[in-house]
Amino acid sequence: MKKRPSPTTVAKQQPQSSKELKQLRAQLAAKEKQITHLETCLEQSRNATFRFKKQRPGRRGKGDYVRFFLPDTHGCFVDQAALSACLHDLEALQPRQVFMMGDHLDCGGFLAQHHTLGFVAQADYTFEDDIVAANTLLDEVQKRCPKAEIVYLEGNHEERIEKFCVTSALRNKVDAELLRRSIGTESVLNLEKRGIRYIRKALTYDGCRVQGTVRAGKCFVTHGTSHGKNAANAMLSRFGACVVFGHVHKLMSATDRNVKDGEFAAWSVGHLSKQQPLWRHGHPTDWSQGYGFQVVTKQEDFLHINVPIIDGRSYLAPHGDALT
Ligand SMILES: [Fe+2]
């Protein structure tokens, strides 16, 4: 316990005369002056001597353009409201390039690897309906953006057609190819006639080392292979470059940086099909509807934006004027 000073000690510390009191007041005034000086010094040292570099606000240059990524619609399992919102933005943005990210034909029924049994509604599916839905989508895209260059990437669902052809032809190459030409995606969606470039999962393009992938300026575009919550990170580490993909039905991104190339990123551009397909058997999905687009400069530098569509409403729409 702290010892209390005795009344005698306290009395000794009291000024004994008016002279002493005067001296103490003078010392106090000197200390106050010193404190004021130190406070001023401290304030001055914290004043802004650091200057931020001023930069002119960026403006859309003459050669700038928009690149659009329209993700998985799954044919007749398309979500009408989500697609409608996406097409509205597509028309407003008037992209120079449109990438159909794949899985625009669901290829269910006899083409599916896993049948969803036990649902009457699923039994309604026909490949014919699927083809009509995908053709209607392409008609709409071409009507709304008549000048756009369109690239159609084969998804894992379109890939089922080729697998079906190979199996049905008992692995005979010539017959499998004959079948593929008759019922393949290029044929049923009239891609050649439409002037749409088709990227097959079995072939390589634009000097890319990976099949089913194309270059888009400083970026790669592919349907995608990775699944799950870490798909963007997985794609990023596998590609080691900027890459846009569909397939996982989620809006997500991941970034990284390396010594050679600096910053790069992977973007998953969501989906536009039904949020709860029957094959999920009532398990809630963690999918997100939306799409992606890039504002690209003449030098091919780009800003990538993933746009969410929630309950049939695009979240670009209220801000779209700033970009068009
Ligand atoms: Fe898909």
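Owing to the predicted nature of the structure, the values given are computational and were not obtained by experimental measurement.

Caption draft 1: Examining the sheet that holds strand 7 (residues 243–245) more closely. Strand order in the open sheet made by the five strands is 5-6-7-9-8, with mixed pairing throughout. In the strand order of this sheet, the two ends are held by strand 5 (213–216) and strand 8 (251–258), each with one partner. Put simply, the sheet's adjacent strands are angled 20° from each other on average, direction ignored. Here helix 10 (residues 231–239) sits on the sheet in contact with strand 5, strand 6 (219–222), strand 7, strand 8 and strand 9 (262–269), set at roughly 35° to strand 8.

Caption draft 2: View of the coordination of the iron ion. Those donors, D72 (OD), H74 (NE2), D103 (OD) and H249 (NE2), are the protein atoms that reach the iron ion, and they lie 2.2 to 2.3 Å from it. Given four donor atoms and angles of 85 to 175° at the metal, the environment of the iron ion is assigned as irregular. Sequence spacing of the donors to the iron ion: D-x1-H-x28-D-x145-H. A residue pair is termed long-range when its members are at least 10 positions apart, and H74 in the loop between strand 1 (65–70) and helix 3 (80–93) and D103 in the loop between strand 2 (97–100) and helix 4 (120–123) qualify at 29 residues. For the pair formed by H74 and D103, the shared burial category is buried.

Caption draft 3: Structural context of the side chain of D103. The side chain of D103 is buried and forms no salt bridge, while K201, the nearest opposite charge, is found at 7.2 Å. Residue contacts for D103: discarding those within four places in its chain leaves D72, T73, H74, G75, G155, N156, H157, E158 and H223.

Caption draft 4: Quick look at the packing of helix 6 (residues 159–168) against helix 7 (residues 173–183). Direction vectors running N to C along helix 6 and helix 7 enclose 140°, while the axes themselves pass 8 Å from each other. Regarding the angle of helix 6 to helix 7, the classification is oblique. Seen from above, helix 6 lies across helix 7 with right-handed handedness. Facing I161, E162, F164, C165, V166 and S168 of helix 6, the residues of helix 7 in contact are A176, L179, R180 and I183.

Caption draft 5: Highlighting the sheet that holds strand 12 (residues 313–314). Across the sheet, seven strands lie side by side as 4-3-2-1-10-11-12; this open sheet has mixed pairing. Among the strands making up the open sheet, the edge pair consists of strand 4 (197–199) and strand 12. Here helix 3 sits on the sheet in contact with strand 1, strand 2, strand 10 (290–296), strand 11 (302–310) and strand 12, set at roughly 165° to strand 1. The sheet strands contacting helix 5 (residues 127–144) are strand 1, strand 2 and strand 3 (149–153), and the helix crosses strand 2 at an angle near 170°.

Caption draft 6: Representation of the side chain of R194 in the model. In this structure, R194 sits in helix 9 (residues 191–194). There is a polar contact of 2.9 Å between the side chain of R194 and the side chain of N135. A distance of 2.9 Å separates a polar atom in the side chain of R194 from the backbone oxygen of L189.

Caption draft 7: Spatial organisation of the pairing of strand 3. The buried count for strand 3 comes to four of five residues, which makes it a mostly enclosed element. Of the strand pairs in this sheet, strand 2 and strand 3 are connected by four bridges, and their pairing is parallel. Across the sheet, F99 pairs through a bridge with V151, a residue of strand 3.

Caption draft 8: Just the packing of aromatic side chains, in detail. Taken as a whole and assessed by the stated rule, the structure comprises eight aromatic pairs. Judged by centre distance (5.6 Å) and plane angle (50°), the rings of Y152 and Y198 are tilted. Taken together, the positions of Y152 in strand 3 and Y198 in strand 4 put the pair 46 residues apart, joining distant regions of the chain. Side by side, Y152 and Y198 carry an identical accessibility label, which is buried. Three or more aromatic residues joined by ring pairs form one cluster here, namely F68, Y291 and F293. Stacked on the ring of Y65, the Lys or Arg R96 has its end atom at 4.1 Å from the ring centre.

Rules used in this analysis
- Residues numbered from 1 in each chain as written.
- Predicted model: local features only at pLDDT ≥ 70, side-chain atom pairs only at ≥ 80, totals over all residues.
- Heavy atoms only, no water.
- Pairing = 2+ DSSP bridges.
- Helix = DSSP H or I, 4+ residues; strand = E, 2+ residues; numbered from the N terminus.
- Axes fitted to C-alpha atoms, helices over the stretch in contact; angles between N-to-C directions.
- Contact = heavy atoms within 4.5 Å.
- Donors = N, O, S within 2.8 Å, 3.2 Å for Na, K, Ca; no water.
- Tetrahedral: all angles 85-135°; square planar, octahedral: opposite > 155°, others 65-115°.
- Buried < 20%, exposed > 50% of the residue type's maximum accessible area, 1.4 Å probe, protein only.
- Lys, Arg positive; Asp, Glu negative; His and termini not counted.
- Salt bridge = Lys/Arg side-chain N within 4 Å of Asp/Glu carboxyl O.
- Parallel < 35°, antiparallel > 145°, perpendicular 65-115°, else oblique.
- Left-handed = near helix turned anticlockwise from the far one by under 90°.
- Polar contact = N/O pair within 3.5 Å; in protein donor to acceptor, adjacent residues only side chain to side chain.
- Phe/Tyr/Trp six-rings, centres within 6.5 Å; stacked < 30°, edge-to-face > 60°.
- Lys NZ or Arg CZ within 6 Å of the ring centre and 35° of its normal.

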